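Here is how the chains run, residue by residue.
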Amino acid sequence: MKPWARKPERWWLLAWALGALLAATVLAQWRLGTLREAFDLDARIAHRLLSQRLAQHDAVLVTLTLYSAPADAAAADATLRQLYPQFLQVLRQPSEGLWPAAQWASAEARSRQTAQAQVLPLPASPGRYGLLRAGPQGTVALLIELSAAVPWAEWPLPRDTSPVQVTVWQGGQAWLLQPGQGGQGAWAFEVRKPLASESQAFGLQLQRQVGWAELPWAAMLAAALAWGGLLALWRTWRRQREQKSRAEELLRLGQVSRLNALGELAAGLAHELNQPLTAIVANTQAARRLLDEGEAEEDASAARQAMSQAVDQAHRAADVVARLRRTVARPEASDRMALDVAQAVQRTLHLLAPELARAEVQVQPDLPALQALAEPVALEQVIHNLLMNAVQALAQVPVPERRLDIQLHAEGPWAVLRIADSGPGFSEDTRRRLFEPFFSTKPEGMGLGLSLCETLLTRLDGRIEASHHAPRGAVFTIHLPLAPA
Ligand code: ADP
């Protein structure tokens, strides 16, 4: 297990990864949407332009069949081909002799029947087709080169560099108008639509592959970094706030502690002892004066009386001290309430998280919810003292051996909290003296922590014991009365 308070790191990482993924997905979707829109617009323009050209072919053919062939047909056709470079040849029947193939004759018959131009596929010349129409002045056929019909000047897609592939199909044949750059991609756009022409029943197909490289990687990276920065800021802010509240809480505990242990005692002592001490001073002064001044029997007996009064006052002072001690050791139980001990331990662990992390202590808490009768501040003070002692003890052993086991369980009428560390432990001699006030083995130690713990727990009708931890270390066990269910 990781040292206490290091686990949240993983949550931050997860939050960052999820946020970055979400931002990247949104940005990628947005880019794909934009590319799709542009593709659809290009497809609409291409469709309109090609449909217009096919309609033009029909119109030219109708015009040609309305008039008989001019005297200088060859010159007229040349002019026509200049205007329409897609027309490779103009064929007229019957003046030019037989049609090149039998199906031309049958197409002519169909055209005459339907009064519509007919397409003549030329399987040997891909991308070319014949368009034939029978009219009142004879039959005319145009040999058309499809790619020359594309108005490249107005074409929405750059012919050589565009990633869009454009195909025209008719029956089982497909003619590539524009190859399209780029190989296989992760996403494919496609539009298939018949061109708007009755005579030339062609279909138009546009395809585009979108590769990973086209995603907005720079924006995606920037979003991930920005999100990381935002999280880091938030984290710093939270950490600072936590540190501040932790410091305030520690200060409060410390203040309460000091007030408890010293302030009350000092104030009480001063108040209670003032009177007997004043009386002792007055009586002993009177006795000395009597002894100095007179030799009479009554002076001696008055001095004796003053002295015995001083003794009484001294006893009274001793009583005050004893009573004050009893007050500290056995104050009212009315401050007690039902408390979740597990929560109190968790709160204290949270307060000490920086110390525990710094010392790299492996904390193994086993803390089921358990209600005991206690006073909140006193309970936290006890737990705090015990955990601080454990951390200080653990600092004396190598890092990998620093373990702190905290267990809570019910045992008869008791809630039992066991705090076991793998520190150096103590000798049997030391163990017997642990709870004595001012007993300390630390150079800077006050030796009041454990004695205060014992005092507070006794006040709460509980108790504390210290024992050795196998194979090494110390165990402190606290018993507190369980709260009635
Ligand atoms: P202080 O911490 O000021 O010395 P305490 O009353 O808290 O006062 O502790 C008294 C003594 O008990 C310590 O000086 C130390 O020798 C011993 N002690 C307390 N806790 C532990 C522990 N977890 N492991 C070993 N010794 C301990």
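One numbering rule holds for all chains: residues counted from 1, following each sequence as written. Whole-chain, interface and lining totals are the exception, using all residues; otherwise, since this is a predicted model, local features are given only for residues with pLDDT of at least 70 and side-chain atom pairs are given and counted only at 80 or more. In computing side-chain values, all of the structure's heavy atoms are included and hydrogens and water are not.

**Let's talk about the overall build of the protein chain**
Counting its regular elements, the protein chain contains 11 helices and 15 strands. Here the protein chain has a C-alpha radius of gyration of 52 Å; the compact-globule value for 485 residues is 23 Å, and the former is much larger. Taken over the C-alpha atoms alone, the protein chain extends approximately 180 × 50 × 45 Å along its principal axes. Relative accessibility decides the category of a residue: with a 1.4 Å probe and only protein chains considered, values under 20% of the type maximum give buried, values over 50% give exposed, and everything between is partly exposed. Of all 485 residues assigned to the protein chain, the portion counted as buried reaches 39%. Every residue pair with non-hydrogen atoms within 4.5 Å of one another is taken to be in contact. Considering only contacts within the protein chain whose residues lie at least 6 apart along the sequence, 68% involve residues at least 24 apart. Charged residues are defined narrowly, with Lys and Arg counted positive, Asp and Glu counted negative, and His plus the chain ends left uncounted. For the purpose of locating charges, the reference atoms are NZ of Lys, CZ of Arg, CG of Asp and CD of Glu. Each charge class in the protein chain was averaged separately, 48 positive and 47 negative side chains, and the resulting centres sit 8 Å apart. Strands are runs of DSSP state E lasting at least two residues, helices are runs of H or I lasting at least four, and both sets are numbered from the N terminus onward. A radius of gyration in this sense is built from C-alpha atoms; the matching globule rule multiplies 2.2 Å by the number of residues raised to 0.38.

**What about helix 3 (residues 102-114)?**
Each helix should span, by expectation, one fewer than its residue count multiplied by 1.5 Å. In a regular helix each residue adds 1.5 Å, so 13 residues correspond to 18 Å; helix 3 covers 19 Å between its end C-alpha atoms and thus fits that length. For helix 3, the complete set of buried residues consists of W104, A107, E108 and S111. The buried residues of helix 3 occupy an angular sector of 105° when the element is viewed end-on, so they sit on one face. The outward face of helix 3, more than 90 degrees from its buried face, is lined by the exposed residues A102 and Q113. If you follow the buried residues of helix 3, they end up packed against strand 1 (87-93), strand 2 (118-121), strand 3 (128-135) and strand 4 (138-145). The reported arc concerns the directions from the helix axis to the C-beta atoms and nothing else.

**Overview of the pattern of salt bridges**
For salt bridges, the criterion is a side-chain nitrogen of Lys or Arg within 4 Å of an Asp or Glu carboxyl oxygen. In total, this model carries 15 salt bridges according to the counting rule given. In this structure, R246 engages E242 in a salt bridge whose closest nitrogen and oxygen atoms are separated by 3.3 Å. One end of the pair, R246, and the other, E242, are both in helix 5 (residues 217-293), four residues apart, so they sit about a helical turn from each other. Among the salt bridges present, the one from D461 reaches R336, with a minimum N-O distance of 3.2 Å. Highlighted residues: D461 in the loop between helix 11 (449-459) and strand 14 (463-468) and R336 in the loop between helix 6 (297-329) and strand 9 (337-340), separated in sequence by 125 residues. One salt-bridge network, in which partners are shared between bridges, spans E428, D429, R431 and R432.

**Regarding the UniProt feature "transmembrane region" (unreviewed entry) in the protein chain**
UniProt positions are given in the numbering used here, feature names are shortened, and annotations may be inferred rather than shown by experiment. According to UniProt, the "transmembrane region" (unreviewed entry) feature falls on residues 215-234. Across residues 215-234, the secondary structure splits into 90% helix and 0% strand, with the terminal C-alpha atoms separated by 29 Å.

**A few points about the pairing of strand 15 (residues 474-481)**
Burial analysis of strand 15 places eight of its eight residues in the buried class, which makes it a mostly covered element. Residue alternation in strand 15 divides its side chains into two sets, A474, F476, I478 and L480 and V475, T477, H479 and P481, and both sets are buried. Relative to strand 15, strand 13 (residues 414-421) runs antiparallel, the two sharing eight bridges. Paired with A415 across the strands is L480, a residue of strand 15. Strands are labelled as partners when DSSP assigns at least two bridges between them. In the sheet, strand 14 pairs with strand 15 via six bridges, with the strands oriented antiparallel. Each residue of the ladder has a partner; that of I464, found in strand 15, is I478.

**Regarding the sheet that holds strand 10 (residues 362-366)**
As summarised here, the arrangement of the five strands in space is 10-12-13-15-14, forming an open sheet in which the pairing is mixed. With one partner strand each, in any of the chains shown, strand 10 and strand 14 form the two edges of the open sheet. Strand after strand, the sheet turns through a mean of 15° between neighbouring axes, direction not considered. Where strand 12 (residues 403-411) meets strand 13, eight bridges bridge the pair, whose relative direction is antiparallel. Residue pairing across strands places A410 opposite A415, the latter belonging to strand 13. For helices, the fitted axis covers only the stretch in contact; all axes are lines through C-alpha atoms, and the angles between them, taken along N-to-C directions, range from 0 to 180 degrees. On top of the sheet, helix 7 (residues 341-351) reaches strand 10, strand 12 and strand 13; it is set at about 165° to strand 12, its chief contact.

**Description of the nonpolar core**
Formed by 47 residues in total, the largest nonpolar core has its most connected members in L404, I406, L417 and F476. Counting only elements with at least two residues in this core, the list comes to helix 7, strand 11 (371-374), helix 9 (376-394), strand 12, strand 13, helix 11, strand 14 and strand 15. Among the elements that make up this core, the one with the highest residue count is helix 9 (nine residues). Sequence-distant contacts of L404, that is, excluding residues within four places in its chain, are made with L356, V361, Q362, V363, Q364, L387, A390, L394, I419, A420 and D421. By nonpolar core is meant a set of buried Ala, Val, Leu, Ile, Met, Phe, Trp, Tyr and Cys residues that side-chain atoms within 4.5 Å join together. Core analysis: the next-biggest nonpolar cluster, separate from the first, contains 41 residues, L54, A117, F189 and L195 among them.

**So, the environment of S301**
Residue position: S301 is located in helix 6. Taking the relative accessible area as the measure of exposure, S301 reaches 34% and is therefore partly exposed. For the pair formed by S301 and T25, sequence separation is 276 residues and the distance between their alpha carbons is 105 Å.

**A word on the confidence of the model for the protein chain**
Where the model shows low pLDDT, its predicted coordinates should not be examined in detail. The predictor reports its confidence for every residue as pLDDT, a score running from 0 up to 100. Predicted confidence across the protein chain gives a mean pLDDT of 87, with 92% of residues reaching 70 or more. Mean pLDDT across the elements of the protein chain ranges from a minimum in helix 6, with 76, to a maximum in strand 13, with 98. A low-confidence stretch, residues 1-5 (pLDDT under 50), is modelled with 17 contacts involving residues beyond four sequence positions or located in other chains.

**Here we look at a nonpolar patch on the surface**
Taken together, the side chains of W11, L14 and L18 define a hydrophobic patch exposed on the protein surface, amounting to about 370 Å² of accessible area. When its relative accessible area of 55% is taken as the criterion, L18 is described as exposed. For patches, a residue must show more than 30% relative accessible area and have no salt bridge; joins then use 9 Å for like charges and 5 Å for nonpolar side chains, namely Val, Leu, Ile, Met, Phe, Trp and Tyr. Exposure was quantified through the Shrake-Rupley algorithm and a 1.4 Å probe, taking into account, for residues, occlusion by the shown protein chains and nothing else.

**Observations regarding the site of the ligand**
We call a residue near a molecule or strand as soon as one heavy atom of that residue lies within 4 Å of the molecule or strand. Near the ligand there are 19 residues, and of these D421, S440, T441, K442 and L450 occur at the shortest range. Between the ligand and S440 there is a distance of 2.7 Å, counted from an oxygen atom to a side-chain nitrogen or oxygen. When the ligand is considered free in solution it has 530 Å² of accessible area, and contact with the protein chains removes 92% of it. Elements that contribute at least two residues to the shell around the ligand include exactly helix 9, helix 11 and strand 15. Ranked by residue count, the leading element in the shell around the ligand is helix 9, at three residues. Counted by class, the shell around the ligand contains 10 nonpolar, seven polar and two charged residues. A 3.5 Å cut-off defines polar contacts: any pair of N or O atoms within that distance qualifies, except that in protein one atom must be a possible hydrogen donor and the other a possible acceptor, and neighbouring residues in sequence count only when both atoms are side-chain atoms. In the scheme used here, Gly and all other residues not listed as nonpolar or charged are polar, with Ala, Val, Leu, Ile, Met, Phe, Trp, Tyr, Cys and Pro taken as nonpolar and Asp, Glu, Lys and Arg as charged.

**Let's talk about the packing of aromatic side chains**
We describe a pair of aromatic rings using the distance from one ring centre to the other and the angle between the two ring planes. The aromatic pairing rule takes the rings of Phe, Tyr and Trp, using the six-membered ring of Trp, and pairs them if the centres are within 6.5 Å, calling planes under 30 degrees apart stacked, those over 60 edge-to-face and the rest tilted. As enumerated under the stated definition, the model contains nine aromatic pairs in all. Here F39 and F189 contribute two aromatic rings whose centre-to-centre distance is 5.7 Å and whose plane-to-plane angle is 50°, an arrangement assigned as tilted. One end of the pair, F39, is in helix 1 (residues 8-66); the other, F189, is in strand 7 (residues 187-194), and 150 residues separate them in sequence. Residues F426 and F476 carry aromatic rings whose centres are separated by 6.1 Å and whose planes lie at 75° to one another, so their mutual orientation is edge-to-face. Taken together, the residues F426 in the loop between strand 13 and helix 10 (428-433) and F476 in strand 15 connect sequence positions 50 residues apart. Taking relative accessible area as the criterion, F476 reaches 8% and is therefore assigned buried. These aromatic residues form a ring-pair network of at least three members: Y129, W175 and F202. Either the NZ atom of lysine or the CZ atom of arginine qualifies as a charge over a ring when it sits within 6 Å of the ring centre and within 35 degrees of the ring normal. Across from the ring centre of W234, 5.8 Å away, lies the NZ or CZ of R238, which sits over that ring. The residue whose ring lies beneath R463 is W414, and the NZ or CZ to ring-centre distance is 5.2 Å.

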